[in-house]
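So you can see what is in the structure, the chains are spelled out below.
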Amino acid sequence: MIQNGTDVSFAAKCIREGGLVAFPTETVYGLGADALNPQAVARIFEVKQRPTFDPLIVHISEIYQLEMLFDDLISPLVNKITEAFWPGPLTIVHRKSIKVPDIVTSGLNTVAVRMPSHPVALELIRLAQTPVAAPSANRFGQLSPTKPEHVLKQLSGIDYLLTGNQKMVGIESTVISIEDDQCFLLRPGAISLSDIQKVVPCVYFNQSKKGKDLPSPGLLKSHYSPNKPLYILKQDIHSLPLDSGLILHHKADLPTNAPNIIYTSGNRSQIEIAANLFTALHTMEDDPTISQIYIEPVEEFGLGIAIMDRIKKAAFRYTGHCE
Ligand code: AMP
Ligand code: MG
């Protein structure tokens, strides 16, 4: 059993000594190690069974730490973006300094950095006195964890699980890349493209146009998947097999005899859907009476773009296509 609790000082000591700590952020639970210690970072890949071509996000607590991570020629856009969105669920990819070990960036000459807004995460990084590399605290390809029990279910071999009970956004950070005076959206997330465009001109990077040259190796089509079939709901819910789980986002007065329904929201609130999406999928995954899961799609605007991105990725393994 993994040792867990709310002892931030102990968790920070683990990080300083090269250990692995799972900790809450405002997006999902992260699995952190000292970003400047390659051996410690290597253990993240081992514990998560994550391929080493998938680079990690480095988490900081103070803006001056960027100087250590980004190269000397920091783009002026970085300032504008960090002032507007940090601390918060936005990750910036930028050319890296030589201090960042290759294992963190999968050998790329860029590094992804964010300053989380969750008070426990910030305190952990501050006390650890080092930037903390942290992907989500799940096994590679499986559902992201939004509760301590999701971490315990999926991982072993970590030194401490730091718990916290603040509300989470529930989906991962938005990832943008800044190259000189250009900004690209690499992964939709908690902060929408239109929010970013209010601060700097930013374009959506369309993966399919660039073929194999993905700027973001982690942007796999299949990701965040439950371990039983998941389908995006197209048909009438009355025709579903009885051993189905059904995830809906609106408590409409649908006359249904489906036994297993989870509502992520009462009225299609995007914030509620995002916050409850992974928890709903975990609950369905854990229910032995459910053989397959159906999920209602959401409209793709604002936060809905990131929500649908996660739903399509979770279903991709079972449907073979993104739609
Ligand atoms: P997560 O697995 O949720 O921690 O997200 C990390 C993701 O950030 C990776 O899978 C990549 O998609 C993206 N990322 C991290 N570092 C870089 C980088 N140097 N260049 C481009 N994308 C990156
Ligand atoms: Mg992840």
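In this report, we go over the structure that sits alongside the text.

Conventions adopted
- Residues numbered from 1 in each chain as written.
- Chains lettered and ligands numbered in written order.
- Predicted model: local features only at pLDDT ≥ 70, side-chain atom pairs only at ≥ 80, totals over all residues.
- Heavy atoms only, no water.
- 1 Å grid on protein atoms, 1.4 Å probe; cavity = no way out; pocket = protein on both sides within 12 Å on 5 of 7 lines; lining within 4 Å.
- Points joined across faces, edges and corners; volume = space filled by probe spheres on them.
- Nonpolar A, V, L, I, M, F, W, Y, C, P; charged D, E, K, R; others polar.
- Helix = DSSP H or I, 4+ residues; strand = E, 2+ residues; numbered from the N terminus.
- Pairing = 2+ DSSP bridges.
- Contact = heavy atoms within 4.5 Å.
- Axes fitted to C-alpha atoms, helices over the stretch in contact; angles between N-to-C directions.

**Things to note about empty space enclosed by the protein**
Phase 1 of the analysis: Scanning the model with the defined rule gives two cavities of 30 Å³ or more in all.
Phase 2 of the analysis: In this structure, the second largest cavity encloses a volume near 50 Å³.
Phase 3 of the analysis: Taken together, T174, L185, P188, G189, I191, S192, L193, G302, I305 and A306 make up the lining of the second largest cavity.
Phase 4 of the analysis: Across the lining of the second largest cavity, the residue classes break down as six nonpolar, four polar and no charged.

**Topic: unusual backbone geometry**
Phase 1 of the analysis: Along the chain, W86 connects to P87 via a cis peptide bond; the corresponding omega equals -5°.
Phase 2 of the analysis: For P87, the location among the structural elements is in the loop between α4 (76-85) and β5 (90-95).
Phase 3 of the analysis: Even without glycine at this site, S106 takes up a positive phi of about 55°.
Phase 4 of the analysis: Locating S106 in the fold gives a position in the loop between α5 (102-105) and β6 (110-114).

**Focus: the sheet that holds strand β2 (residues 21-23)**
Phase 1 of the analysis: Strand order in this open sheet of eleven strands is β1-β8-β2-β3-β7-β4-β6-β5-β9-β10-β11, and the pairing throughout is mixed. Pairing within the sheet leaves two strands with one partner each, and these edge strands are β1 (4-5) and β11 (203-204).
Phase 2 of the analysis: Judged from the two bridges that link them, strand β3 (residues 30-34) and strand β7 (residues 132-133) form a sheet pairing that is antiparallel. When the bridges of β7 are listed, D34 appears paired with V132.
Phase 3 of the analysis: Along the sheet face, helix α1 (residues 8-16) touches β2, β3, β7 and β8 (160-162) and points at about 135° away from the line of β8.

**Notes on the sheet that holds strand β12 (residues 230-232)**
Phase 1 of the analysis: Overall, parallel pairing links the four strands, which are arranged β12-β15-β13-β14 in an open sheet. The open sheet has two free edges, formed respectively by β12 and β14 (260-263), since each of these has just one partner strand. Pairs of neighbouring strands in the sheet enclose a mean axial angle of 20°, with direction left out of account.
Phase 2 of the analysis: Here strand β13 (residues 244-248) pairs with strand β15 (residues 292-295) via four bridges, running parallel. Bridged to L246 within β15 is Y294.
Phase 3 of the analysis: Docked against the sheet, helix α11 (residues 303-319) engages β12 and β15, running at close to 120° with respect to β12.

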